[in-house]
Amino acid sequence: MATKSLKARNNDIANTQRQMDILSNGIFADGELPTFAKKLKETSQFPLRPKKLEILQINLGYMCNQVCEHCHVDAGPDRKEIMTIETMQQCLDVIKKTEAHTLDLTGGAPEMNPNFRWFVEEASKAGITDFIVRSNLTIIRANKKYYDLPEFFKKHNVHVVSSMPHWTRGKTDKQRGDGVFDKSIKALQELNTVGYGKEGSNLKLDLVYNPSGAFLPGDQMGLERDFKKALKEDFNIDFHHLFAITNLPISRFLDYLIASENYEDYMFALVDAYNPAAVANVMCTNTISVSWDGWLYDCDFNQMLNLKVASKVKHIADYNEELLQNRNIIINQHCYGCTAGAGSSCQGTVA
């Protein structure tokens, strides 16, 4: 396991242009595989256009207490990019006037932003009906100042979506670091104690699974059954749903694919699994992603590749929903990850 981000290690994959060069050339440039744009044209789905905006996803910073093997954000303790309170206020101004019903806070570990609680408190007053915080779980046990997070989440009826690669210690720690599994189990038990994840509870607790290697996730419903059975039997843990997410070939996972000589095979697998039915519901069609410094993107993955929205409006300070709705969504070959099999989004499968 690495202890520093790609950026801190001066790895060339940390350069977004280098990632784009890899995704745009080689097997796609020589025609061995069709580009994503060509694939969309074959199924009469090009250009990809937004539908009604439902989700505002805000990245509060790349700082994290973990350095996970496949993190597409390249987050870690050495990443100092965090959203300022001024940018948060600009986001709040938008939240108050948008018709989007879901606010999705992500990171890094969003809880590490020093103004996280203030932002949650202010945003919760704005009438959002589904308030998501994407937590890595271990942050709850990382420091005494985070120990009361379960109670804080409960107070604001936050929908907690938690990373959990597997129900076993070995596979979880391999992907996320030594000791992560035990801390995650403890955090889940604490969330259960305050009422999260229980049948009939309106305190939503969902888990996110992503494969530990160069392969696509299995059936989401089957995985959910396996997770629920194992976590209940071994640790008496309850949760509501499991989201199975495909690893996209960007950032650390792209670095892993290249280092393990699996890049071409993985891209062939993604293209072979392309599902036009999944295209209609990919998250970029109903989501706007906001970076820690306020720039706007079609999705969280485009944010990590620095592919800003194709609109005159590119920053939260200039937000105009009508103009943003009248844009084409920016695509590249990484988008195959969201349209493979049953599809993949931050809310799990889409087809």
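In this text, all values refer to a predicted model and were calculated from it rather than measured experimentally.

Cut-offs and rules
- Residues numbered from 1 in each chain as written.
- Predicted model: local features only at pLDDT ≥ 70, side-chain atom pairs only at ≥ 80, totals over all residues.
- Heavy atoms only, no water.
- Helix = DSSP H or I, 4+ residues; strand = E, 2+ residues; numbered from the N terminus.
- Rg over C-alpha atoms; globule rule 2.2 N^0.38 Å.
- Buried < 20%, exposed > 50% of the residue type's maximum accessible area, 1.4 Å probe, protein only.
- Areas by Shrake-Rupley, 256 points an atom, 1.4 Å probe, with all protein chains shown as cover.
- Contact = heavy atoms within 4.5 Å.
- Pairing = 2+ DSSP bridges.
- Axes fitted to C-alpha atoms, helices over the stretch in contact; angles between N-to-C directions.
- Phe/Tyr/Trp six-rings, centres within 6.5 Å; stacked < 30°, edge-to-face > 60°.
- Lys NZ or Arg CZ within 6 Å of the ring centre and 35° of its normal.
- Parallel < 35°, antiparallel > 145°, perpendicular 65-115°, else oblique.
- Arc of directions from axis to C-beta.
- Salt bridge = Lys/Arg side-chain N within 4 Å of Asp/Glu carboxyl O.

Focus on the overall build of the protein chain
From N to C terminus, the protein chain includes 13 helices and 8 strands. Relative to the globule expectation of 20 Å for 351 residues, the C-alpha radius of gyration of the protein chain, 19 Å, shows essentially globular dimensions. Its C-alpha atoms give the protein chain principal-axis dimensions of roughly 55 × 45 × 40 Å. A total of 351 residues make up the protein chain; the buried ones form 57% of that total. When the accessible surface of the protein chain is totalled, it reaches about 14,500 Å², and 49% of it is carbon and sulfur.

Thoughts on the side chain of Gln 333
Looking at the element boundaries, Gln 333 is found in the segment after α13 (321-325). Those residues in contact with Gln 333 that lie beyond four places of it in its chain are Leu 23, Ser 24, Phe 28, Thr 35, Phe 36 and Met 267.

Here's the deal with the sheet that holds strand β1 (residues 55-59)
The 8 strands are arranged β6-β5-β4-β3-β2-β1-β7-β8 in an open sheet whose pairing can be described as mixed. Bordering the open sheet on either side are β6 (241-244) and β8 (296-297), each of which pairs with just one other strand. As defined by bridge partners, β1 adjoins strand β7 (residues 287-290) across 4 bridges and the pair is classed as parallel. Paired with Gln 57 across the bridge in β7 is Ser 289. Strand contacts of helix α8 (residues 220-235): β5 (205-209) and β6, with the helix running at about 130 degrees to β6, the strand carrying the most contacts.

Looking at the packing of aromatic side chains
The tally for this structure, following the rule as stated, stands at 11 aromatic pairs. Here Phe 181 and Phe 235 contribute two aromatic rings whose centre-to-centre distance is 5.7 Å and whose plane-to-plane angle is 65 degrees, an arrangement assigned as edge-to-face. Pair noted here: Phe 181 is in helix α7 (residues 180-193) and Phe 235 is in helix α8, with a separation of 54 residues, a long-range link. Given the relative accessible area of 2%, Phe 181 is considered buried. For Phe 235, a relative accessible area of 24% translates into the label partly exposed. Three or more aromatic residues link up through ring pairs in this structure, and these residues are Phe 28, Phe 36, Tyr 274 and Tyr 336. Sitting over the face of the ring of Tyr 147, Arg 141 holds its NZ or CZ atom 4.3 Å from the ring centroid. Seen from the ring of Phe 239, Lys 228 lies directly overhead, with NZ or CZ sitting 5.6 Å from the centre.

Here we look at the packing of helix α6 (residues 169-176) against α7
Relative orientation of the contacting elements α6 and α7 amounts to 110 degrees, with a least axis distance of 8 Å. One element, α6, and the other, α7, form an angle in the roughly perpendicular class. Between α6, through Arg 169, Thr 172, Asp 173 and Arg 176, and α7, the contact on the second element is made entirely by Val 180, Phe 181 and Asp 182.

Examining unusual backbone geometry
A cis amide bond links Phe 46 to the next residue, Pro 47, at an omega of -5 degrees. Of note, Pro 47 is situated in the loop between α2 (36-42) and β1. Of the consecutive residues Gly 107 and Gly 108, the connecting peptide bond is found in the cis state with omega at 15 degrees. Summarising the element assignment, Gly 108 is placed in the loop between β2 (102-106) and α4 (116-124).

Some points on helix α1 (residues 16-24)
Taken together, the buried positions of α1 are Gln 19, Met 20, Ile 22 and Leu 23. For α1, the arc enclosing every buried residue in end-on projection is 160 degrees, short of the 170-degree limit, so these residues lie on one face. Against α9 (251-259) and α10 (263-272) lie the buried residues of α1. Once α1 ends, the next one or two residues include Gly 26, with phi positive near 60 degrees.

What to know about the pattern of salt bridges
In total, this model carries 18 salt bridges according to the counting rule given. Among the ionic pairs, Arg 252 bridges to Asp 74, the shortest N-O distance being 2.8 Å. Highlighted residues: Arg 252 in helix α9 and Asp 74 in the loop between β1 and α3 (85-95), separated in sequence by 178 residues. The pair formed by Arg 252 and Asp 74 is uniform in burial state, with each residue classed as buried. Linked by salt bridges that have partners in common, Lys 7, Asp 74, Arg 79, Glu 81 and Arg 252 make up one network.

Quick word on the environment of Cys 346
Positionally, Cys 346 belongs in the segment after α13. Of the residues examined, Cys 346 reaches a relative accessible area of 10% and is grouped as buried. What Cys 346 contacts, discounting residues up to four positions off in sequence, is Gln 57, Arg 134, Phe 243, Ile 245 and Met 283.

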